[in-house]
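Architecture at a glance
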Amino acid sequence: MKLSTIRIQYANAEPTVAAADCVTLTGDGAVQVLTLTLPEPAQAWAADATVQLDIPAASLGGRVTGALARGKINSWWTSPSFTTDFSQLPVGTQNLLLETESGAVAVLPLCGDSFAATVEPSDDAATLRLSFAHCAADCAPLHGAVAVISTSADPYEAVRLGMEYACHHGLIDAPLRTEKTLPEIYRGFGWCTWNAFYHDVTEQGIYDKLAEFRAKGLPVRWVMIDDGWSQYDPQKGTLLAFEEDRTKFPSGLRGCIARMKQEYGVEQVGVWHALTGYWSGIEKGGALALAQADRLAVTPNEMLIPTGRGAYPFFREWHEYLKAQGVDFVKIDAQGNMPESMAGAPGCLADMIAVQAGVDRSVQEVFGGNVINCMGMLNQNAHHRPFTALSRNSDDFFPDREGSFRSHILQNGYNAVFHGCLYYCDFDMWWTRHPSAKESGVLRAISGGPVYVSDRVGETDADAVRPLLDANGGLLMAQNPAMPTRDCLFRDPSDGVLKLFNTLANGNAVVAAFNLSDQPQTVTVRPADFGGTGDWTAYRFFAGERSFGSELTFTLAPHDTELVNFYIGDTDRLGDTTKYLSAATV
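Description of the structure in this document. (Residues numbered from 1 in each chain as written. Predicted model: local features only at pLDDT ≥ 70, side-chain atom pairs only at ≥ 80, totals over all residues. Heavy atoms only, no water.)

Some words on the pairing of strand 4 (residues 50–56)
Within strand 4, six of the seven residues are buried, which leaves the element mostly enclosed by the surrounding structure. Pairing between strand 4 and strand 10 (residues 127–133): seven bridges, direction antiparallel. Paired with Asp54 across the strands is Arg129, a residue of strand 10. (Buried < 20%, exposed > 50% of the residue type's maximum accessible area, 1.4 Å probe, protein only. Helix = DSSP H or I, 4+ residues; strand = E, 2+ residues; numbered from the N terminus. Pairing = 2+ DSSP bridges.)

Observations regarding the sheet that holds strand 26 (residues 509–515)
Working definition: the strands of a sheet are paired by backbone hydrogen bonds and lie parallel or antiparallel to each other. The strand order across the open sheet formed by six strands is 24-25-26-31-28-29, and the pairing between neighbours is antiparallel. Strands with a single pairing partner mark the edges of an open sheet, and in this sheet they are strand 24 (483–484) and strand 29 (545–549). In terms of strand pairing, strand 25 (residues 497–503) meets strand 26 through seven bridges, oriented antiparallel. Opposite Phe501, over in strand 26, you have Val511 as the bridge partner. Contacting strand 25, strand 26 and strand 31 (561–568), helix 11 (residues 437–446) runs over the sheet at an angle of about 150 degrees to strand 26. (Contact = heavy atoms within 4.5 Å. Axes fitted to C-alpha atoms, helices over the stretch in contact; angles between N-to-C directions.)

Things to note about helix 11
In terms of burial, helix 11 is largely enclosed, as nine of its ten residues are buried. Of all the positions in helix 11, only Ala437, Glu439, Ser440, Gly441, Val442, Leu443, Arg444, Ala445 and Ile446 are classed as buried. Looking at the buried residues of helix 11, the elements they touch are helix 10 (405–419), strand 25, strand 26 and strand 31. Directly beyond the C-terminal end of helix 11, a positive phi value near 80 degrees is found at Gly448.

Quick word on the sheet that holds strand 6 (residues 78–81)
A sheet is described by the order of its strands in space; here seven strands give the open sequence 2-3-11-8-7-5-6, paired in antiparallel fashion. Each of the sheet's edge strands pairs with one partner strand only, and the pair in question is strand 2 (23–27) and strand 6. Sheet twist, expressed as the mean angle between neighbouring strand axes with direction ignored, is 20 degrees. Of the pairings in the sheet, the one linking strand 5 (residues 64–72) to strand 6 comprises four bridges and is antiparallel in character. Bridge pairing in strand 6 links Gly71 to Ser79. Here helix 1 (residues 155–168) sits on the sheet and contacts strand 3 (31–37), strand 7 (95–100), strand 8 (103–109) and strand 11 (143–152); the angle it forms with strand 11, its principal contact strand, is near 150 degrees. Against the sheet, helix 10 engages strand 5, strand 6 and strand 7, with an angle of about 90 degrees to strand 6.

Points about the packing of aromatic side chains
Counted under the stated rule, the structure contains 26 aromatic pairs. Pairing Trp191 with Phe197 gives two aromatic rings, centres 6.2 Å apart and planes at 85 degrees, and the pair type is edge-to-face. Ring geometry for Trp222 and Tyr452: centres 4.9 Å apart, planes at 50 degrees, overall tilted. Of this pair, Trp222 sits in strand 13 (residues 222–225) while Tyr452 is found in strand 23 (residues 452–453), placing the two residues 230 residues apart along the sequence. Both residues of the pair, Trp222 and Tyr452, belong to the buried class. Feature note: the residues Tyr186, Trp222, Phe329 and Tyr452 constitute an aromatic cluster, connected by ring pairs. (Phe/Tyr/Trp six-rings, centres within 6.5 Å; stacked < 30°, edge-to-face > 60°.)

As for the nonpolar core
Across soluble globular proteins, you tend to see nonpolar side chains buried next to one another. Core analysis: the biggest nonpolar cluster contains 158 residues, and Leu97, Ile225 and Met260 have the highest contact counts within it. With nine residues, helix 8 (residues 348–367) is the largest single contributor of residues to this core. Setting aside its immediate chain neighbours within four residues, Met260 contacts Ile206, Tyr207, Leu210, Val223, Ile225, Gly265, Val266 and Val269. Of all hydrophobic cores here, the second largest spans 28 residues; its members include Leu89, Val105, Phe115 and Val119. (Core = buried A, V, L, I, M, F, W, Y, C linked by side-chain atoms within 4.5 Å.)

Digging into helix 4 (residues 252–264)
In a regular helix each residue adds 1.5 Å, so 13 residues correspond to 18 Å; helix 4 covers 17 Å between its end C-alpha atoms and thus fits that length. The secondary structure elements touched by the buried residues of helix 4 are helix 3 (203–215), strand 13, strand 15 (238–244), strand 16 (268–274) and helix 6 (311–324). A positive backbone phi angle near 75 degrees is found at Gly265, which sits one or two residues after helix 4. (Expected span 1.5 Å × (residues − 1).)

The structure is reproduced here in structure tokens:
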């Protein structure tokens, strides 16, 4: 890529400026960094002002033959797009992976304290547009590294190289996933209260569900008490206090959690809270707001939330209270609400980073880094967690939305290509009695992340869970976040077959095939799907068939799935074939 091919223009501020005057390109052949230094505009920035940097796509590696974009759905979630027409890319694209005639190219936009970078739709099909926004009406100069561009013959390697460079050179304030440890509790089976009770969660309801699990012989090692436990105003959506709602938890959190652990054998209990306190912030004029006044601020959209340097002491005090009640970890939701709420305020990007880093520090110090980060998949959130290892990887599981499994698996599979470089990926909860229960169970089995259900009382199908568990009741887990196979990576499988792969600690591997269409589909799986070569032993879980060779072809019925375990060499030692990941039991 040559600087002479780059065009820069201000939007809503000043006309085009010369790229040679303000853009530098540094790095070796495999990884290059775009750095931008722009003079302050003559007049104050408008809050929606941006700078656009246009790059001819052909200058990145020749003709583009395929593309995978991680596009913004809203302020919290992302989903895949496969268009090679750059004028049709999703607004707010967070990552872009290109297949070109000379190899794979990964584009990683960065977010600093003076700008937020994204890939945006351009004016023509062959031009890649990077956009940099201040998000605030102030005159802070826009400068710094704005994107990392990495190349490799291997598309997964292209993504990894860019992420690795950004992390190790301080361009992302989050370690690589491979440098972190998944909290041990997630190697056990869990349950979440959300879809079982929604906001009507109660102490007694939790006991009733745990009694059911015990009666069915399912070892629930951890429980997430989701939204609904705290004191909040249901009309305003504002937080009233750090403490629990005693009408729902008459024994208090401490009494409830103690009974969960002592009577039902639960090892760890987590609770939910929002990064903004509650969905619409903290109740203005309330006791909590008065007690925490020096740690809170009113945002441009009139929410009272913890901001800047006040975030760490605010959450540290709340977390210490929860820890004293027996809480072992937290789920922090609504993370994408924070930059959305703060947009337009001077210094909002630096403040948002301080909030994200502050709550992450508190979790590290109080809970040993054990948190499920949620609703925070945009780079403004994901790039600024210096400690924690686990993050939700998709929008919610919606049991009442017919056909929603398709979007759920597409988000999880393709988001993981990028998100999985930084985090262990949480593919969300599921129901064991549901039209998609079979597919959902297989998806979680190969996910490489936590497995937990949200069944209502009396509605857990134990037989849907047992194939996920080892002989001691722990999870059989793959090594990495599950990702699309190479032949699916740049192809939209919405009306066809999606294959996801993962590897196992003993050198074996697994490929799951999902027919997302309304028609039967012929599927071929092979060792090349997970980077293997030569002949392997394969075992189809649902067909109960063993084979040996370099590929395996079968037919999938509409909306059906098959799970293929691969074993090194020609072997009859298949392990426990009643388990989804039988190849992990050898």
